[in-house]
Amino acid sequence: MTKDAETPEAPAAAAPAAPAAQPAQAQSQPVQVQVTDDNAQACYANFCRVTGSPEELIIDFGLNPQPIGVPKDPINVNQRIIVNFFTAKRLLAALQMSVARHEAVFGVLETDINKRVRPAQQKQGENK
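The following paragraphs examine the structure supplied in this document. Here the structure is a predicted model, which is why all the values come from computation and not from measurement.

## So, the sheet that holds strand β3 (residues 47–52)
The strand order across the open sheet formed by three strands is β3-β4-β5, and the pairing between neighbours is antiparallel. Edge positions in the sheet fall to β3 and β5 (76–84), since each of these pairs with one other strand and no more. Ignoring strand direction, the axes of neighbouring strands in this sheet form an average angle of 20 degrees. Where β3 meets strand β4 (residues 56–63), six bridges bridge the pair, whose relative direction is antiparallel. Looking at β4, one finds that Arg49 is bridged to Asp60. Sheet contacts for helix α2 (residues 85–106): β4 and β5; angle to β5, the most-contacted strand, approximately 110 degrees.

Laid out in structure tokens, this is it:
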């Protein structure tokens, strides 16, 4: 299966240099990149840890079976992705754009789980 994806930033070698007379809009058009995901493996993660060095970032993904409070058991890391800082910056931009679109449609995402859980617990207490 081949899919096209828009990248927020195209590599300099992917497109020929635009003449100086062309408007800035033409230079900022997204580039279509062909992607084959036939061998991609999908897994779910509700935990992420980022570490690294001056040259690269290491992003670990895992499943935390106890998302509230400090987990009793170690979290198993299922996937590790290592990227350079240029790729990390492009990833950051793509994630920011995706989250902004989601929030525009569905509302602000509350990342503090206690703020998400407490209103539901309070409603249950009122109904009893």
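## What to know about the pattern of salt bridges
For the structure shown, the criterion picks out two salt bridges. In this structure, Asp60 and Arg49 form a salt bridge, with 2.5 Å as the shortest nitrogen-oxygen distance. Here Arg49 lies in strand β3 and Asp60 lies in strand β4, a separation of 11 residues in the sequence. On the basis of relative accessible area, Asp60 is assigned to the buried category, the value being 0%. Judged by its relative accessible area of 38%, Arg49 is partly exposed. Among the ionic pairs, Asp60 bridges to Arg80, the shortest N-O distance being 2.5 Å. Here Arg80 lies in strand β5 and Asp60 lies in strand β4, a separation of 20 residues in the sequence.

## Some words on the pairing of β4
The two faces of the sheet receive side chains in turn, since in a regular strand these alternate between them. Hairpin connection, β3 to β4: the antiparallel pair is bridged by three residues. Pairing between β4 and β5: eight bridges, direction antiparallel. Residue pairing across strands places Leu63 opposite Asn76, the latter belonging to β5.

Criteria and cut-off values
Residues numbered from 1 in each chain as written. Predicted model: local features only at pLDDT ≥ 70, side-chain atom pairs only at ≥ 80, totals over all residues. Heavy atoms only, no water. Pairing = 2+ DSSP bridges. Helix = DSSP H or I, 4+ residues; strand = E, 2+ residues; numbered from the N terminus. Axes fitted to C-alpha atoms, helices over the stretch in contact; angles between N-to-C directions. Contact = heavy atoms within 4.5 Å. Salt bridge = Lys/Arg side-chain N within 4 Å of Asp/Glu carboxyl O. Buried < 20%, exposed > 50% of the residue type's maximum accessible area, 1.4 Å probe, protein only.

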